[in-house]
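Inside the fold
Letter by letter, the chains look like this.
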Amino acid sequence: MKQITSEQEYKEQIESGELTVGIFTTTWCPDCKRLDMFIDEVIAAHPNLKWFTIDRDEFPEISDEQNVMGIPSLLVFKNGEKLAHLHSANAKTPEAVGEFLDSL
(Lines give C-alpha, C1' and ligand atoms only; values in the text may rest on other atoms or scores of the structure.)
Protein backbone atom coordinates (compact mmCIF):
# COMPACT_ATOMS: atom_id res chain seq x y z
CA MET A 1 0.00 0.00 0.00
CA LYS A 2 1.35 3.41 -0.93
CA GLN A 3 2.18 5.82 1.90
CA ILE A 4 1.44 9.40 0.82
CA THR A 5 4.39 11.73 1.39
CA SER A 6 3.27 14.81 -0.55
CA GLU A 7 0.13 16.64 -1.59
CA GLN A 8 1.03 15.88 -5.21
CA GLU A 9 1.09 12.12 -4.53
CA TYR A 10 -2.30 12.41 -2.86
CA LYS A 11 -3.78 14.22 -5.86
CA GLU A 12 -2.35 11.62 -8.24
CA GLN A 13 -3.94 8.83 -6.22
CA ILE A 14 -7.43 10.31 -5.96
CA GLU A 15 -7.52 11.41 -9.61
CA SER A 16 -7.11 7.85 -10.82
CA GLY A 17 -9.85 6.41 -12.99
CA GLU A 18 -9.84 3.33 -10.75
CA LEU A 19 -11.66 3.04 -7.45
CA THR A 20 -9.06 4.08 -4.89
CA VAL A 21 -9.30 3.69 -1.13
CA GLY A 22 -7.45 6.12 1.09
CA ILE A 23 -6.93 5.19 4.72
CA PHE A 24 -6.58 8.26 6.92
CA THR A 25 -4.65 7.32 10.05
CA THR A 26 -2.02 8.49 12.55
CA THR A 27 0.85 6.87 14.40
CA TRP A 28 -0.71 7.29 17.87
CA CYS A 29 -4.26 6.06 17.25
CA PRO A 30 -5.28 2.80 19.01
CA ASP A 31 -8.09 2.09 16.55
CA CYS A 32 -5.61 2.54 13.69
CA LYS A 33 -3.43 -0.16 15.24
CA ARG A 34 -6.49 -2.44 15.37
CA LEU A 35 -7.18 -1.73 11.68
CA ASP A 36 -3.54 -2.57 10.88
CA MET A 37 -4.10 -6.06 12.32
CA PHE A 38 -6.66 -7.00 9.65
CA ILE A 39 -6.35 -4.56 6.74
CA ASP A 40 -4.03 -6.83 4.70
CA GLU A 41 -6.79 -9.48 4.62
CA VAL A 42 -9.34 -6.86 3.51
CA ILE A 43 -7.00 -5.61 0.77
CA ALA A 44 -6.41 -9.17 -0.46
CA ALA A 45 -10.19 -9.72 -0.62
CA HIS A 46 -10.62 -6.58 -2.77
CA PRO A 47 -7.95 -6.81 -5.50
CA ASN A 48 -10.00 -4.54 -7.78
CA LEU A 49 -9.23 -1.51 -5.59
CA LYS A 50 -6.13 0.69 -5.40
CA TRP A 51 -5.00 1.59 -1.87
CA PHE A 52 -3.06 4.34 -0.14
CA THR A 53 -2.56 5.54 3.39
CA ILE A 54 -2.17 9.11 4.58
CA ASP A 55 -1.24 10.44 8.02
CA ARG A 56 -3.92 12.85 9.17
CA ASP A 57 -1.44 14.76 11.34
CA GLU A 58 1.00 15.28 8.45
CA PHE A 59 -1.73 16.55 6.10
CA PRO A 60 -4.35 18.31 8.25
CA GLU A 61 -5.54 20.50 5.38
CA ILE A 62 -6.37 17.45 3.24
CA SER A 63 -8.11 15.81 6.19
CA ASP A 64 -10.17 18.95 6.82
CA GLU A 65 -11.02 19.26 3.12
CA GLN A 66 -12.30 15.67 3.13
CA ASN A 67 -14.18 16.03 6.46
CA VAL A 68 -12.07 13.41 8.21
CA MET A 69 -13.07 13.96 11.82
CA GLY A 70 -12.12 10.58 13.26
CA ILE A 71 -9.42 8.07 12.53
CA PRO A 72 -9.07 5.64 10.99
CA SER A 73 -11.36 6.67 8.15
CA LEU A 74 -11.55 5.03 4.75
CA LEU A 75 -12.43 7.24 1.80
CA VAL A 76 -13.15 6.00 -1.69
CA PHE A 77 -12.22 8.13 -4.70
CA LYS A 78 -12.50 7.93 -8.46
CA ASN A 79 -11.55 10.63 -10.96
CA GLY A 80 -10.89 13.09 -8.13
CA GLU A 81 -14.36 12.70 -6.59
CA LYS A 82 -15.02 11.25 -3.14
CA LEU A 83 -17.63 8.53 -3.59
CA ALA A 84 -17.85 7.10 -0.08
CA HIS A 85 -16.54 7.63 3.45
CA LEU A 86 -16.36 5.01 6.20
CA HIS A 87 -16.04 6.90 9.45
CA SER A 88 -13.84 5.68 12.28
CA ALA A 89 -16.71 4.40 14.44
CA ASN A 90 -17.63 1.92 11.69
CA ALA A 91 -14.08 0.83 10.77
CA LYS A 92 -13.30 -1.34 13.77
CA THR A 93 -13.82 -4.84 12.39
CA PRO A 94 -12.87 -6.65 9.19
CA GLU A 95 -16.55 -7.45 8.64
CA ALA A 96 -17.61 -3.79 8.81
CA VAL A 97 -14.84 -2.67 6.45
CA GLY A 98 -15.57 -5.56 4.06
CA GLU A 99 -19.30 -4.77 3.98
CA PHE A 100 -18.52 -1.11 3.24
CA LEU A 101 -16.21 -2.04 0.35
CA ASP A 102 -18.60 -4.68 -1.01
CA SER A 103 -21.31 -2.01 -1.26
CA LEU A 104 -19.27 0.11 -3.71
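Quick note: structure is the one above.
Parameters at a glance
- Residues numbered from 1 in each chain as written.
- Predicted model: local features only at pLDDT ≥ 70, side-chain atom pairs only at ≥ 80, totals over all residues.
- Heavy atoms only, no water.
- Core = buried A, V, L, I, M, F, W, Y, C linked by side-chain atoms within 4.5 Å.
- Buried < 20%, exposed > 50% of the residue type's maximum accessible area, 1.4 Å probe, protein only.
- Helix = DSSP H or I, 4+ residues; strand = E, 2+ residues; numbered from the N terminus.
- Polar contact = N/O pair within 3.5 Å; in protein donor to acceptor, adjacent residues only side chain to side chain.
- Contact = heavy atoms within 4.5 Å.
- Expected span 1.5 Å × (residues − 1).
- Bend = angle between axes of the 7 residues up to and from the residue.
- Pairing = 2+ DSSP bridges.

With 16 residues, the main nonpolar core has W51, L74, V97 and L101 as its most contacted residues. The set of elements that each furnish at least two residues to this core consists of strand 2 (20–25), helix 2 (30–45), strand 4 (73–78), strand 5 (81–86) and helix 4 (94–102). The element best represented in this core is helix 2, accounting for four residues. Among the nonpolar cores identified, the runner-up in size contains 14 residues, and Y10, C29, C32 and V68 belong to it.

As for its position among the elements, H46 is in the loop between helix 2 and strand 3 (50–55). Take H46: its relative accessible area is 8%, and that puts it in the buried class. At 2.8 Å, the side chain of H46 forms a polar contact with the side chain of D102. Not counting the four nearest positions on each side in its chain, H46 is found in contact with W51, G98, L101 and D102.

Turning next to the environment of P30. Residue placement: P30 occurs in helix 2. The class for P30 is exposed, based on a relative accessible area of 61%. The spacing of P30 and F100 is 70 residues in sequence and 21 Å in space, taken between C-alpha atoms.

Time to look at unusual backbone geometry. Note that the residue after I71, namely P72, is joined by a cis bond; omega there is -5°. Among the secondary structure elements, P72 is positioned in the loop between helix 3 (60–65) and strand 4.

With 16 residues, helix 2 should reach 22 Å at 1.5 Å per residue; the first-to-last C-alpha distance of 24 Å fits that figure. Along its length, helix 2 reaches its greatest deviation from straightness, about 50°, at F38. Looking at the buried positions of helix 2, the neighbouring elements they touch are strand 2, strand 3, strand 4 and helix 4.

What follows covers the pairing of strand 5. Here strand 4 runs beside strand 5; their pairing, made up of five bridges, is antiparallel. If you follow F77 over to strand 5, its bridge partner there is K82. Count of turn residues in the strand 4/strand 5 antiparallel hairpin: two residues, of which N79 carries a positive phi of about 55°.

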